[in-house]
Amino acid sequence: MKRMESTKVAFVATEQKLSRGLRRFIRKLGRWLSHVGGNLVTGNTPGPERVFAEGAASLRPESVTSVLPYAGYGDDVPAGTRVELLFPDKAPRVSEPVRAAAASGASRWAGSS
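Residues numbered from 1 in each chain as written. Predicted model: local features only at pLDDT ≥ 70, side-chain atom pairs only at ≥ 80, totals over all residues. Heavy atoms only, no water.

A. Structural context of the overall build of the protein. Helix and strand content of the protein: three helices and four strands. Ordered by position from the N terminus, the helices and strands of the protein form the series β-α-β-α-β-β-α. For the protein, with 113 residues in total, the buried portion stands at 41%. Looking at the protein alone, contacts between residues at least 24 apart form 54% of all its contacts between residues at least 6 apart. (Helix = DSSP H or I, 4+ residues; strand = E, 2+ residues; numbered from the N terminus. Buried < 20%, exposed > 50% of the residue type's maximum accessible area, 1.4 Å probe, protein only. Contact = heavy atoms within 4.5 Å.)

Okay, structure coming up:
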């Protein structure tokens, strides 16, 4: 199977309750895309996006980037994944997991270095 190292895949969904079967499918999809080398981007909203990120991160956490609007949004990003903040100075309260990810140098958005 051909590797996808230079391919970015964005998984975008609305927050919703998932059936057990759909949850399992989305988790396996994230894991498979990570396995074949994809670089995966998600907003980490509760439900499908978070399940997708968890599936991918279970194999290759470094392949997942959670793009969050501001620090404090989506505090439970999967361990070892990257975090990008759209508006880093917007929220007055910065959560510890997001602060740690941002401080590690993993937080970057287009136009920044």
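On we go.
B. How the structure looks around the confidence of the model for the protein. A residue-level look at the protein finds 73% of positions with pLDDT of 70 or above and a mean pLDDT of 80. When mean pLDDT is taken per element in the protein, helix α1 (residues 20-35) scores highest with 94 and helix α3 (residues 96-106) scores lowest with 62. (pLDDT = per-residue confidence, 0-100.)

C. A look at the nonpolar core. Counting residues in each nonpolar core, the largest one holds twelve residues, listed as V9, F11, L18, I26, L33, L40, V51, F52, A53, A56, A57 and V64. Listing elements by their share of this core, those giving two or more residues are β1 (8-11), α1 and α2 (48-57). Residue contributions to this core peak at five residues, all from α2. Not counting chain neighbours up to four residues away, the residues in contact with L40 comprise V9, G30, L33, S34, F52, A56, S63, V64 and T65. Among the nonpolar cores identified, the runner-up in size contains five residues, and L68, V77, V83 and L85 belong to it. (Core = buried A, V, L, I, M, F, W, Y, C linked by side-chain atoms within 4.5 Å.)

D. Summary view of the pairing of strand β2 (residues 39-42). The alternating pattern of β2 places L40 and T42 on a buried face and N39 and V41 on a face that is not buried. Looking at chain direction, β1 and β2 are connected through four bridges and run parallel. Looking across to β2, one finds that K8 is bridged to N39. You can see the chain leave β1, run along α1 and come back into β2, and the turn it takes is right-handed. Bridging between β2 and strand β3 (residues 64-68) involves three bridges; their strand directions are parallel. Of the residues in β3, the one forming a bridge with T42 is S66. (Pairing = 2+ DSSP bridges. Right-handed = clockwise from strand over helix to strand, strands pointing away.)

E. Focus on the sheet that holds strand β4 (residues 82-85). If you trace the four strands from one edge of the open sheet to the other, you get β1-β2-β3-β4, paired in parallel fashion. At either end of the open sheet lies a strand with only one pairing partner, and these are β1 and β4. Neighbour-to-neighbour, the strand axes of the sheet open up by a mean angle of 25°, direction not taken into account. The sheet contacts of α2 involve β1, β2 and β3, and relative to β2 the element is tilted by about 155°. (Axes fitted to C-alpha atoms, helices over the stretch in contact; angles between N-to-C directions.)

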